[in-house]
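What follows is each chain in one-letter form.
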Amino acid sequence: MRIRQRVALLTVAVLLGAAGCSQEAEAPESTAVAATTGCASSGELTMWERSGGNKDMVDMLVAAWNAKNPDCKVALTYIPHTEMVGKIAQGIASGQVPDLMGMDLIYAPQFEKAGQLVDLTDRLTGWPELTTASKGHMTVATFEDRLYGVPLYADVSALFYNKDLFTKAGLDPAKPPTSLPELRAYADKITALGGDVKGYYLPGNCAGCNIFTVGPLMWASGAKIEAAGPGDEPLVGDGVKQVLQFERDMVKAGNVHDGDRTENGETFHLQFGSGKVGMMGTGNFNITLARQQNPSMQFGITLLPGMTPNSSASFIGGDLVVVPKGSKRVNDAVNFMKFLLSDDVQVEVYAKALNLTTRADMVDNKYFKEEPLVQDVAKALTVGRTPYTLTFFEQINSPQGPWLKMLQRAYYTDDNLDTVIADAKKEMSDIAAKS
Amino acid sequence: MTTAPARTGYLIAAACLTIATVMLLPLAYSMLASIKPTAEAAATPPTYLPHGVSLDSYRRLWDYQEGLLTYLGNSFGTAVLTIVLTLLLTVPAAYGLARFPIPAREPIFVVLLLALIVPYQALLTPMFLMFAKIGLTNSLLGLAVLHTTIQLPFSLYILRNTFAAVPREIEEAAVMDGAGSLQILRRVFLPPTVPAVVTVTLFAFITSWNEFLGALVMMSSSAKFTLPVILATARTETSLGGTDWGMLQAGVTISIIPCVLVYLLLQRYYMAGLMSGAVK
């Protein structure tokens, strides 16, 4: 699969080039039609979304739209997420595209730059909902001051901690760690409980999991990770080395399970709910999941810390909803976006399902008030960021990329960390130089 | 006392048994994982023998997205169409190439065989763009045509060589009796070449049944997806690409069954067919 993913991504450039020759003219609809939360014309709307995203949330949003708009229901198709980028590129190249798409936000700039998404700036300008929409999403939805999409759902990373294990280890479950040295000290105590329990979790073979959970530790320590474009220097700041040293020490101290080394992301979401991990960087999606897995487990959520006390950061991930070039129903796709951002949907669909709202001003709602964990994880939106680069996959997400290579050398070898960072820095710079 | 030939026989049998065991272990593991309770299917470290038996994974698969029956139906329908198209095209083509005095017959055959060495992935995008122009995308017929094109060179190779091996005397006798070309094909060539035709059928079925990339690219709505595509979707069912292992193993188990059944039904023809295609 991973090979397929690489092949698909490598062919994207070729396909996008082909698309440039064959793409159809932008939809003939008027751009002056004011958006509503209903449908402007009848007939089924088609939508693609990647599998492996927040499927439950997307299903709920589509169901809510379909209930309100029985004459133009959204027909949703999930595409295997490892094949999504290639599939979109192929669809655009041949003009066989859905009316709207959910897209992993991290890949959006690549498609915006290639001119393969419908420029929605004129249609979206002036929407009050956008002023409070998730900043991370809006950043990657914008290319050269033009706007191409709105948030579909948000996933943020945070530190989950097992209160039961805190209590057993003699720690105060009301006081999670506020810095990495503190996190290390807590992990030592939890690991000392023995048996199958470990103080910490480190997904050793998953590039995406690590940028989601270890990346923020570096940001919170003042570092910068990816190269935005040609000439931009990656891996800048002492925080990079400090966090790598911290993780190396955690592994050497036995604070992580040996099996974590092979974690490629496929069971990452199940680890915290196992009850055998004291602290773990994961995402808001894990609240419901951990409860389903382990209903009796007491746990808390705090922000991912940096080296100094009370520093914190988060990765804002998730999906955008965009309109591919060639869509015949741009106005209704925009209406769907208006629907997603409406007060009613933000509260009665997103918040009710205990998912993050995609508008900051909707966090203060009746459902979150009854659920302290969601309130805690929502704080991550205020310190979160979304990397902006045209080569995110090659630099960061690729299983063979420099990011994971650097982490694995840091975690599991005794290589000099300055050399490890320098090697990764060079490789990332080379990749960015080609963008 | 055991004789030397008997000892050799035992050794060969033991080696075969060992190889078979090694090859079947992943299959057995997959089948056992499909009946484990959900939590156990994803447990780390994994268990080998299930501690409990549960059909929950199959239940989830049954209701997955458009429902298992839809995907089985799409896969089966495409495979049957592929078989029909493959036989309709390759039997007459092979007959022609084997027996008709076509100019440059051998070079034509070689050129057709060259398609075997062109990577399928390289053909996929241009073929998709072509299919899009004639409205054959997101259609089971279109997918069957695509699968047929993958299958054609190999099928032609098997059938043409088999037909070429049929003695000319029998054909000439049929001509003397006044039989036409189609009658000769049906009554003279097909009966002794049934193993080769069955082999082509079997290959066409398995190729179409297992094919993933073309089905993913060609289909744009989940109601048209085939089983391999929906299993790839299920592989990344949960957040951050997490996998519902139990459901995936249930899908793998189900997807294997038709292949095994078809193979068991046709295996007696299979080896004979391959051998007949291997010699001229």
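Residues numbered from 1 in each chain as written. Chains lettered and ligands numbered in written order. Predicted model: local features only at pLDDT ≥ 70, side-chain atom pairs only at ≥ 80, totals over all residues. Heavy atoms only, no water.

Asker: Quick question: what am I supposed to make of the packing of helix α4 (residues 68–99) of chain B against helix α9 (residues 181–189) of chain B here?
Answerer: Any two packed helices are characterised by the angle at which their axes cross and by the distance between the axes. Residues and elements named next belong to chain B. Packing of α4 against α9 leaves a shortest axis separation of 12 Å and a crossing angle of 95°. By the criterion of interaxial angle, the relationship of α4 to α9 is roughly perpendicular. Of the residues in α9, those in contact with V91, Y95 and R99 of α4 are S181, I184, L185 and F189. Across the contact of α4 with α9, the residue classes tally to 5 nonpolar, 1 polar and 1 charged. (Axes fitted to C-alpha atoms, helices over the stretch in contact; angles between N-to-C directions. Helix = DSSP H or I, 4+ residues; strand = E, 2+ residues; numbered from the N terminus. Parallel < 35°, antiparallel > 145°, perpendicular 65-115°, else oblique. Contact = heavy atoms within 4.5 Å. Nonpolar A, V, L, I, M, F, W, Y, C, P; charged D, E, K, R; others polar.)

Asker: Hey, could you run me through the pairing of strand β8 (residues 277–283) of chain A in this one?
Answerer: Where a strand is regular, its side chains alternate between the two sheet faces. All names here are of chain A. Of all 7 residues making up β8, 7 are buried, and the element is well covered by its neighbours. As defined by bridge partners, strand β6 (residues 149–162) adjoins β8 across 5 bridges and the pair is classed as antiparallel. Across the sheet, A158 pairs through a bridge with T282, a residue of β8. One ladder, built from 2 bridges, connects strand β7 (residues 198–200) with β8; its direction is parallel. Residue pairing in the sheet places Y200 in a bridge with M279 of β8. (Buried < 20%, exposed > 50% of the residue type's maximum accessible area, 1.4 Å probe, protein only. Pairing = 2+ DSSP bridges.)

Asker: Sorry if this is basic, but what is going on with the state of the cysteines here?
Answerer: Disulfide: a covalent bond connecting the sulfur atoms of a pair of cysteines. Residues and elements named next belong to chain A. Under the counting rule described, the total for this entry stands at 2 disulfides over all chains. With a sulfur-sulfur separation of 1.6 Å, C39 is cross-linked through a disulfide to C72. Torsion about the S-S bond of the C39 and C72 cystine: about 140°, corresponding to right-handed handedness. With C39 in the loop between α1 (2–22) and β1 (45–50) and C72 in the loop between α2 (55–68) and β2 (74–79), the pair connects residues that are 33 residues apart, well separated along the chain. With relative accessibility at 27%, the residue C39 sits in the partly exposed group. Each sulfur in the disulfide pair C206 and C209 lies 2.1 Å from the other. With the S-S dihedral at roughly 75°, the linkage between C206 and C209 falls on the right-handed side. The connectivity of the disulfide bonds within chain A can be written as 1-2, 3-4, using the sequence rank of each bonded cysteine. (Disulfide = S-S within 2.5 Å.)

Asker: What is the right way to read the pairing of β1(A) from this model?
Answerer: Residue and element names in this part refer to chain A. For β1, the buried fraction is high: 5 of the 6 residues fall into the buried class. Of the strand pairs in this sheet, β1 and β2 are connected by 6 bridges, and their pairing is parallel. Bridging from a neighbouring strand, T46 pairs with A75 of β2. The β-α-β motif built from β1, the intervening α2 and the parallel element β2 has right-handed crossover chirality. Looking at chain direction, β1 and strand β3 (residues 100–104) are connected through 2 bridges and run parallel. When the sheet's bridge partners are listed, M47 is paired in β3 with L100. (Right-handed = clockwise from strand over helix to strand, strands pointing away.)

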